[in-house]
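# A look at the structure
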Amino acid sequence: MVTNTSGKKKTAVARATVREGEGRVRIDSQPVELVDPELAQLKMLEPFRIADDDLREQVDVEVSVEGGGVMGQADAARTAIARGLVDHTNDAELRDAFMEFDRSLLVNDVRQSEAKKWGGPGARARYQKSYR
């Protein structure tokens with residue numbers, strides 16, 4: 001059985017395909033072990049740490065990620081992988097374990113950065129006022 005899922009964080013979008021296999025996890029066609037920085041790699045593999053280790057050896061996961069920065073992509077991939085595992089196994093206990101650990105494993109983080117406005121250097125900050 002093949003399961004397609006997606007995850008989002010800021011402007012990053014990840015699409016994951018989970019199928020039976022021998023434990024290969026690929027991010028943009030390269031093994032997850034080659035992902036840099038290591039913090040992003042650990043974040044992407046979080047769903048496997050919460051689930052059983054033997055679950056990783058039963059599935060192959062392919063993730064394609066677009067947009068955003070390194071950590072945004074890592075968060076999006078993490079959500080896509082977790083959703084894929086839950087859909088693939090149809091396991092309510094696994095879903096509850098993910099929800100208890102961190103809700104963003106299964107639910108997209110909808111927060112976006114606010115757009116810059118005129119009259120200032122950012123979204124809320126204004127230019128400094130001079131009296132003389």
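Quick summary incoming for the structure in this document. (Residues numbered from 1 in each chain as written. Predicted model: local features only at pLDDT ≥ 70, side-chain atom pairs only at ≥ 80, totals over all residues. Heavy atoms only, no water.)

### Some remarks on a nonpolar patch on the surface
On the surface, Leu39, Leu42, Val70 and Met71 cluster together into a nonpolar patch covering about 340 Å² of accessible area. Residue assignment for the nonpolar patch shows that the elements contributing at least two residues are helix H1 (38-44) and helix H4 (70-89). Relative to the helices and strands, Leu42 is located in helix H1. The partly exposed category is assigned to Leu42, whose relative accessible area is 39%. (Patch = residues over 30% accessible without salt bridge, like charges linked within 9 Å, V, L, I, M, F, W, Y side chains within 5 Å. Areas by Shrake-Rupley, 256 points an atom, 1.4 Å probe, with all protein chains shown as cover. Salt bridge = Lys/Arg side-chain N within 4 Å of Asp/Glu carboxyl O. Helix = DSSP H or I, 4+ residues; strand = E, 2+ residues; numbered from the N terminus. Buried < 20%, exposed > 50% of the residue type's maximum accessible area, 1.4 Å probe, protein only.)

### Points about the sheet that holds strand S4 (residues 30-31)
Overall, mixed pairing links the five strands, which are arranged S1-S2-S5-S3-S4 in an open sheet. Both outer strands of the open sheet, strand S1 (3-9) and S4, are each paired with one neighbouring strand and no more. Pairing geometry for S1 and strand S2 (residues 12-20), over seven bridges, is antiparallel. If you follow Asn4 over to S2, its bridge partner there is Thr17. Contacting S1, S2 and strand S5 (59-66), H4 crosses the sheet at an angle of about 150° to S1. (Pairing = 2+ DSSP bridges. Contact = heavy atoms within 4.5 Å. Axes fitted to C-alpha atoms, helices over the stretch in contact; angles between N-to-C directions.)

### Some words on the pairing of S2
Looking along a regular strand, one sees side chains alternate from face to face of the sheet. Two successive antiparallel strands, S1 and S2, enclose a turn made up of two residues, where Lys10 displays a positive phi of approximately 55°. Pairing of S2 with S5, which is carried by eight bridges, proceeds in the antiparallel orientation. Looking at the pairing, Thr17 lines up with Glu62 of S5.

### Details of the packing of aromatic side chains
Evaluated as defined, the whole model comprises zero aromatic pairs. Directly above the ring of Phe48 sits Arg56, whose terminal nitrogen or CZ lies 5.5 Å from the centroid. (Phe/Tyr/Trp six-rings, centres within 6.5 Å; stacked < 30°, edge-to-face > 60°. Lys NZ or Arg CZ within 6 Å of the ring centre and 35° of its normal.)

### Digging into the pattern of salt bridges
Counting across every chain of the model gives 14 salt bridges. For the salt bridge of Lys117 with Glu114, the shortest nitrogen-to-oxygen distance reads 2.6 Å. Under the relative-accessibility criterion, Lys117 is labelled partly exposed at 35%. The class of Glu114 is partly exposed, set by a relative accessible area of 42%. Through salt bridges with shared partners, a single ionic network connects Lys9, Lys43, Glu46, Asp75, Arg78, Asp102, Asp109 and Arg111.

### Some points on H4
Its 20 residues give H4 an end-to-end C-alpha distance of 29 Å, which sits within 8% of 28 Å, the value for a rise of 1.5 Å per residue. Buried residues dominate H4, accounting for 14 of its 20 residues. (Expected span 1.5 Å × (residues − 1).)

### Some remarks on a negative patch on the surface
Side chains of Asp52, Asp53, Asp54, Glu57, Asp91, Glu93, Asp96 and Glu100 sit close together on the surface and give a patch of like negative charge. Every element with two or more residues in the negative patch is listed here: helix H3 (53-56) and helix H5 (92-101). It is H5 that contributes the most residues to the negative patch, three residues altogether. Checked against the element boundaries, Asp52 lands in the loop between helix H2 (46-50) and H3. Relative accessible area serves as the criterion here: at 53%, Asp52 is assigned to the exposed category. (Lys, Arg positive; Asp, Glu negative; His and termini not counted. Charge placed at Lys NZ, Arg CZ, Asp CG, Glu CD.)

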